[in-house]
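Tertiary structure, described
Read off the chains here:
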Number of protein chains: 2
Amino acid sequence: MTRGILTTPVTRIDGAASRSTQDLLAVEEPLEIRVGGRTVSITMRTPGNDFELAAGFLFGEGILRHADDIREISRPESVSENPRKQENSVDVSLNDGVEVDFERLERHFYTTSSCGVCGKASIEALQIQGCPMLPRESPMVAMDVIHGLPGALRRDQAAFERTGGIHAAALFRANGELIGLREDVGRHNAVDKVIGSEFLARRTPLGDAVLLVSGRASFELMQKALMAGVPMLAAVGAPSSLAVEVARRFSMTLLGFVRDGRFNIYSGEWRIQ
Amino acid sequence: MTRGILTTPVTRIDGAASRSTQDLLAVEEPLEIRVGGRTVSITMRTPGNDFELAAGFLFGEGILRHADDIREISRPESVSENPRKQENSVDVSLNDGVEVDFERLERHFYTTSSCGVCGKASIEALQIQGCPMLPRESPMVAMDVIHGLPGALRRDQAAFERTGGIHAAALFRANGELIGLREDVGRHNAVDKVIGSEFLARRTPLGDAVLLVSGRASFELMQKALMAGVPMLAAVGAPSSLAVEVARRFSMTLLGFVRDGRFNIYSGEWRIQ
């Protein structure tokens, strides 16, 4: 993550005292995600793992279904005249026969003109997307494993320790083994990166995984977990009302305030041993 | 903020002990923002102060310049058959002669096809937008006032205390007096609401105000502050690299980690007394 961190001069105030020092900043830069040369999204992200981010984003939106849909992920050449710009675009070219519903992306998929806009419609859109109910029986996770997740996250979360400004998302197996961890100034990007990594390695759906996020659980993060088949999401922070609704509707396990040996179970208690 | 909070049953785990109880959730629902009947944005937000949110968003994007641009803000009637949907759409109708560049909104304004995508281009786009350099001399804020901001925020931040899941944004005068405070599951929405409120009351630009945000400072929040002419942004959390760059480019004062009697000055030290 060294590319993700910058040093900058600051004045540090403590009470009435002040001194000049250096501070570490989490890098934020836009990433343009293109599909076949067409811009589909621009997200403010921390550079690094951009191909995973693009793949994970497109997978989470239902645009990509399988890694075999992808012919190549590359940096567009047309923006290469400036090194700072060059690293802020990714193009995903698709194999022959793979069709993309660009209109859905443009509409932002959880609005449908026929049913209006509300949380219920947002959830129904996930079903229309083809999001399955997750199987109730898998996996079982021991309570001690869950208590141990935040510590495991912190051990590997290098950039946050140094900048205080980075979200993390990590995938664990049901036995607590770390599958992968990614960091980003945007929490949705961190999730896209860690899921995108597994997607590109052809290891989705992630039916035996737990997704831990360093912040809060929103509708958007639940959607991404659900699209990847992840049956359990654990958040160090609070869940929103819509996150809880999504979890209950799709038989996901949702845990909040997972820290200091405590957590709340909002849905899917039967997966906790 | 009672509409912004829901009660839900949870199982609370403490070590190996578990008990059933009730928990409070921050409500998350989509809001469709329309201009003259045309959908320009859908944001996941906490219901409440939706007219301010719509106005603040459109002002921050440079679509609205003055409250007099607005003929009326209303709930579209076409989605009123369902009470849950009815409250999730807002339509802003414009006075005759007010022209809107819808294309800019669709492009997401910080990308310009001519110059590629990077932080530098994002910042240049703000200049093209007409964002002015802020005057260096105003306002001066005493160090003690800054130390007191997080406490003032907490005193009025009702929903966060109860849910742990809400961001807050507050405007203060240079002497520490609270102008307004808004809460939302999305930190950008909280900023849109509090600035939108001042915009609708014809009190923008906010040349003598300090904007305090409960989380981190990103490019997007700096952009919103800048468009409103707010010369000082104080974040309880960390700033990103691009937030610092925007502050330095436009002579804004940016403070980070404002808590426990300490803070870092990233830019615009001359405004601190």
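In case you missed it, the structure is sitting above this.
First things first, this report covers the structure right here in the doc. Throughout, residues of each chain are indexed from 1 in the direction in which the sequence is written. The order in which chains are written sets their letters, starting at A; the order in which ligands are written sets their numbers, starting at 1. pLDDT decides what is reported in this predicted model: residues at 70 or higher carry local features, side-chain atom pairs at 80 or more are listed and counted, and totals for whole chains, interfaces and linings draw on all residues regardless. Derived side-chain values reflect all non-hydrogen atoms in the structure, with water molecules and hydrogen atoms excluded from consideration.

Across the boundary between the two partners, chain B contributes 62 residues, which contact 62 residues of chain A. Each of two parts loses accessible area, computed with a 1.4 Å probe, when they are put together; buried area is these two losses added. Across the interface of chain B and chain A, roughly 5000 Å² is buried in total on both sides, 54% from carbon and sulfur atoms. Any carboxyl oxygen of Asp or Glu that lies within 4 Å of a side-chain nitrogen of Lys or Arg is treated as forming a salt bridge with it. In this assembly, chain B and chain A are joined by zero salt bridges. Within 3.5 Å is the distance limit for a polar contact, defined as a pair of N or O atoms, with the added protein rule that one can donate a hydrogen and the other accept it, and that residues adjacent in sequence qualify only through two side-chain atoms. Counting across the chain B and chain A interface gives 28 residue pairs in polar contact (both at pLDDT 80 or more). Per-element accounting of the side of chain B that touches chain A gives the leading share, eight residues, to strand S1 (residues 5-14) of chain B. Each residue gets one of three labels, nonpolar for Ala, Val, Leu, Ile, Met, Phe, Trp, Tyr, Cys and Pro, charged for Asp, Glu, Lys and Arg, and polar for the others, Gly among them. For the side of chain B that touches chain A, the class distribution of residues is 30 nonpolar, 18 polar and 14 charged. Two residues form a contact once any of their heavy atoms are found within 4.5 Å. Here a strand is any run of E in DSSP of at least two residues, a helix any run of H or I of at least four, and the numbering for each starts at the N terminus.

Next up on the list: helix H1 (residues 50-60) of chain B. Taking burial as the measure, the eleven residues of H1 of chain B include ten buried ones, the bulk of the element. Once H1 of chain B finishes, Gly 62 of chain B follows within two positions and takes phi at roughly 80°, a positive value. In this scheme, a residue with accessible area under 20% of its type's maximum is buried, one over 50% is exposed, and one in between is partly exposed, where area comes from a 1.4 Å probe on protein chains only.

Superposing copies: least-squares fit, C-alpha atoms only, residues required to have pLDDT of at least 70 in both. Superposing chain B onto chain A requires a rotation of 180° together with a translation of 0.0 Å along the rotation axis, leaving an RMSD of 0.0 Å. When the rotation and shift are considered jointly, the pair of chain copies conforms to a two-fold rotation axis.

Residues and elements named next belong to chain A. In terms of burial, strand S12 (residues 262-267) is largely enclosed, as five of its six residues are buried. By the bridge criterion, four bridges tie strand S11 (residues 253-259) to S12 in an arrangement that is antiparallel. Within S12, the position partnered with Gly 256 by the bridge is Asn 264. Taken together, S11 and the strand that follows it, S12, pair antiparallel across an intervening segment of two residues, in which Asp 260 is found at a positive phi of about 55°. A pair of strands is considered paired only if DSSP assigns at least 2 bridges between the two.

A few words on the environment of Pro 30 of chain A. Residue and element names in this part refer to chain A. Residue placement: Pro 30 occurs in strand S3 (residues 29-35). On the basis of relative accessibility, which here comes to 0%, the residue Pro 30 falls in the buried class. Along the chain, Pro 30 and Ile 70 lie 40 residues apart, while their C-alpha atoms are 23 Å from each other.

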